[in-house]
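What follows is the residue order along each chain.
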Amino acid sequence: MPEEKSKKSKEMVVTPWEVSGDIDYKKLVKKFGTTLLTEKEIAVMDKYSKGKLHLLLRRGLFFSHRDFDWILKQLEKGEKFALYTGRGPSGHTHLGHLIPWIFTKWLQDIFDVELYFQMTDDEKFLFSQKLTFQETKDYAYENAKDVMAVGFDPKKTHFIFDSQMTPTMYQIAVEVAKRTTFSTARAVFGFTNESNVGMIFYPSIQAMPCFLPSKLKGKNIPILIPAAIDQDPYWRITRDVAPKLGYYKPAAIHCKFFPGLAEGGKMSASEPDSCIFTTDTPNSASKKIMRSYTGGRATVEEQKELGGEPDKCNVYWYEYYLFEPDDKKIEEMKLNCISGKLLCGQCKKSLAEKVKTFVAEHQERRNKFTDEMIDKMIIKE
Ligand code: TRP
């Protein structure tokens, strides 16, 4: 729960509200009961993308799933799925948030499928001590512009704004709520007597978009959810309820957390210096990269003598997962770092340029979207 932060301890904590400690993804997969992606699924994706696997999949930021193999099987039988992902609008968007969206856009492109995108302005109001409802509702529009700037097909992308929920959506949430006991929700999410009752109802609202496409189209539609693995507890509850309501269980494909700019830890909006926000000016984004943690040695001499440790270096991971698709170049970068040939300053400078361009281009696309345009994409009844 948000109150019980355990930042200092190194113990792994992964809940939808808190990610801290040293994350052991193999252990997490065991604990959550999900499945690691294998060569088999990757090979199928390679085929669908005509040999152009997304870097985030090829290099393993997306690493785990539930029933993704089933989604691919249904596809072979001619049954198309829909994508569902979302965002809790608690502030401005940062690079870490964009990661699953970038991957989701790739999935939309290669499979030509509909995307349902949930903006949980209710969740962020209910779970926050500080944010007013007006603030989360405003951030929902701002964040939606970032979503669209990633390049989704506006004709195939539908927003669900929780605070503007339709009667159909509400009725699905109520059906889910009736089949979820407090004791299950408490075991999965750690609710306490101090949790407000809105928090306790909320998991039914995050489950709802898993069934909405089927309800709207009048036939069962498989759902694939690309999201960071901390959201998995929601899908566990949803998957238990699905057969009771006559729907397919939603499938999920999970990513690891995108590293922040500080030492260890993910990119987290509560530590603004660890994040590149889409609202940062390109220059200030570039400066943040120049200040980022690399795990480099104390002096240039030491660095040359002992070499660097790319596995600990944020700059390396940014290149690895996002900015350097060339396998040869990334390998070279790694080896030259380890051997002490390549110095942190050089790597930072080169990444800073790339991030600067990335932010500038994102903003250019983002500026084309107005509140009115977002409004037109919100599902209304
Ligand atoms: N709970 C998510 C958050 O805090 C928002 C969300 C709603 C979501 N539905 C989702 C995220 C589906 C991923 C997939 O950010």
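Just so it is clear, the structure is predicted and the values come from calculations on it, not from any experiment.

(A) Structural detail: the overall build of the protein. A tally of helices and strands in the protein yields 18 helices and nine strands. Taking 381 residues into account, the globule formula puts the C-alpha radius of gyration at 21 Å, and the protein, at 21 Å, falls close to it. Expressed along its principal axes, the backbone C-alpha trace of the protein runs to roughly 65 × 50 × 45 Å. Within the protein, buried positions represent 52% of all 381 residues. A fraction of 77% describes how many contacts in the protein between residues 6 or more apart in sequence connect residues 24 or more apart.

(B) View of the nonpolar core. Met45, Leu57, Phe159, Phe161, Leu224, Ile276 and Tyr318 are the most contacted members of the largest nonpolar core, which totals 78 residues. Here the element with the most residues in this core is helix H5 (residues 95-111); it accounts for nine residues. Taken domain by domain, the makeup of this core includes at least three residues from each of domain 1 (13-258) and domain 2 (272-366). When near neighbours in sequence (up to four residues on either side) are disregarded, Leu224 contacts Phe68, Ile71, Phe81, Ala82, Leu83, Tyr84, Leu107, Ala251, Ala252 and Ile253. Membership of the second largest hydrophobic core comes to 34 residues, among which are Phe189, Phe191, Ile221 and Ile223.

(C) Focus on the domain arrangement of the protein. You can read the domains of the protein as domain 1 (13-258) and domain 2 (272-366). Computed over C-alpha atoms, the centres of domain 1 and domain 2 are 30 Å apart. In this complex, domain 1 contributes 19 residues to the contact, which on the side of domain 2 involves 19 residues. Of the roughly 1800 Å² buried at the junction of domain 1 and domain 2 (both faces included), carbon and sulfur atoms supply 63%. On the domain 1 side of the interface with domain 2, the three residues burying the most area are Arg59, Leu95 and Ala149, jointly 35% of the side's total. At the junction of domain 1 and domain 2, the tally comes to four salt bridges. Put simply, domain 1 and domain 2 have 13 residue pairs in polar contact (both at pLDDT 80 or more) between them. Listing elements by their share of the side of domain 1 that touches domain 2, those giving two or more residues are helix H3 (55-58), H5 and helix H7 (133-149). Residue composition of the side of domain 1 that touches domain 2, by class: 10 nonpolar, four polar and five charged.

(D) Examining the side chain of Arg366 more closely. Note on placement: Arg366 falls in helix H17 (residues 344-366). Polar contacts involving the side chain of Arg366 include one to the main-chain carbonyl oxygen of Glu142, which spans 2.9 Å. Sequence-distant contacts of Arg366, that is, excluding residues within four places in its chain, are made with Glu142, Lys145, Asp146, Ala149 and Thr278.

(E) Focus on the site of the ligand. In the neighbourhood of the ligand, 14 residues make up the surrounding shell, with Tyr84, Gln118, Glu123, Gln206 and Gln231 lying closest. Contacts to the ligand include Gln206, whose side-chain N or O atom sits 2.9 Å from a nitrogen atom. Every element with two or more residues in the shell around the ligand is listed here: strand S5 (82-87), helix H6 (121-127) and strand S8 (223-228). Looking at which element gives the most residues to the shell around the ligand, the answer is S5, with four residues. Here the shell around the ligand is built from residues that sort into four nonpolar, seven polar and three charged.

(F) Summary view of the environment of Val300. Looking at where Val300 falls in the secondary structure, it is placed in helix H14 (residues 300-306). Taking the C-alpha atoms as reference, Val300 lies 31 Å from Phe257; in sequence the two are 43 residues apart.

(G) Inspection of unusual backbone geometry at higher detail. Here the phi dihedral of Asp67 falls at roughly 60°; this positive angle occurs in a residue that is not glycine. Structurally, the position occupied by Asp67 is in the loop between strand S4 (62-66) and helix H4 (68-76).

(H) Just the packing of aromatic side chains, in detail. Summed over the entire model, instances satisfying the criterion amount to 29 aromatic pairs. When the centroid spacing of 5.0 Å and the interplanar angle of 65° are considered together, the rings of Tyr141 and Phe161 count as edge-to-face. Of the two residues, Tyr141 sits in helix H7 while Phe161 sits in strand S7 (residues 157-161), which places them 20 residues apart along the sequence. Owing to a relative accessible area of 15%, Tyr141 belongs among the buried residues under this scheme. Judged by relative accessible area, which is 1%, Phe161 ranks as buried. By the ring-pair criterion, three or more aromatic residues cluster together here, those being Trp17, Tyr84, Phe127, Phe189, Phe191, Tyr202, Tyr234 and Trp235. Its end group placed over the ring of Phe32, Arg236 keeps NZ or CZ at 4.7 Å from the ring centre. Sitting over the ring of Phe63, Lys256 keeps its end group 5.5 Å from the ring centre.

(I) Broad picture of the sheet that holds strand S9 (residues 251-255). The strand order S3-S4-S9-S8-S5-S6-S7 describes an open sheet built from seven strands, whose pairing is mixed. The strands lining the two open edges of the sheet, one partner per strand, are strand S3 (35-36) and S7. Looking at chain direction, S5 and strand S6 (residues 115-119) are connected through five bridges and run parallel. Across the sheet, the residue bridging to Tyr84 is Tyr116, located in S6. With respect to the sheet, H4 is in contact with S4, S8 and S9, its orientation differing from that of S9 by roughly 125°.

(J) Main features of the pairing of S4. The buried fraction of S4 is high, at five of five residues. Judged from the two bridges that link them, S3 and S4 form a sheet pairing that is antiparallel. Residue pairing for S4: Leu36 is matched across the bridge by Ser64. Across four bridges, the pairing between S4 and S9 is antiparallel. Note on S9: the bridge partner recorded for Ser64 is His254.

Scoring rules and cut-offs
- Residues numbered from 1 in each chain as written.
- Predicted model: local features only at pLDDT ≥ 70, side-chain atom pairs only at ≥ 80, totals over all residues.
- Heavy atoms only, no water.
- Helix = DSSP H or I, 4+ residues; strand = E, 2+ residues; numbered from the N terminus.
- Rg over C-alpha atoms; globule rule 2.2 N^0.38 Å.
- Buried < 20%, exposed > 50% of the residue type's maximum accessible area, 1.4 Å probe, protein only.
- Contact = heavy atoms within 4.5 Å.
- Core = buried A, V, L, I, M, F, W, Y, C linked by side-chain atoms within 4.5 Å.
- Domains from an automatic or database assignment.
- Buried area = accessible area lost by both parts, 1.4 Å probe.
- Salt bridge = Lys/Arg side-chain N within 4 Å of Asp/Glu carboxyl O.
- Polar contact = N/O pair within 3.5 Å; in protein donor to acceptor, adjacent residues only side chain to side chain.
- Nonpolar A, V, L, I, M, F, W, Y, C, P; charged D, E, K, R; others polar.
- Near = heavy atom within 4 Å.
- Phe/Tyr/Trp six-rings, centres within 6.5 Å; stacked < 30°, edge-to-face > 60°.
- Lys NZ or Arg CZ within 6 Å of the ring centre and 35° of its normal.
- Pairing = 2+ DSSP bridges.
- Axes fitted to C-alpha atoms, helices over the stretch in contact; angles between N-to-C directions.

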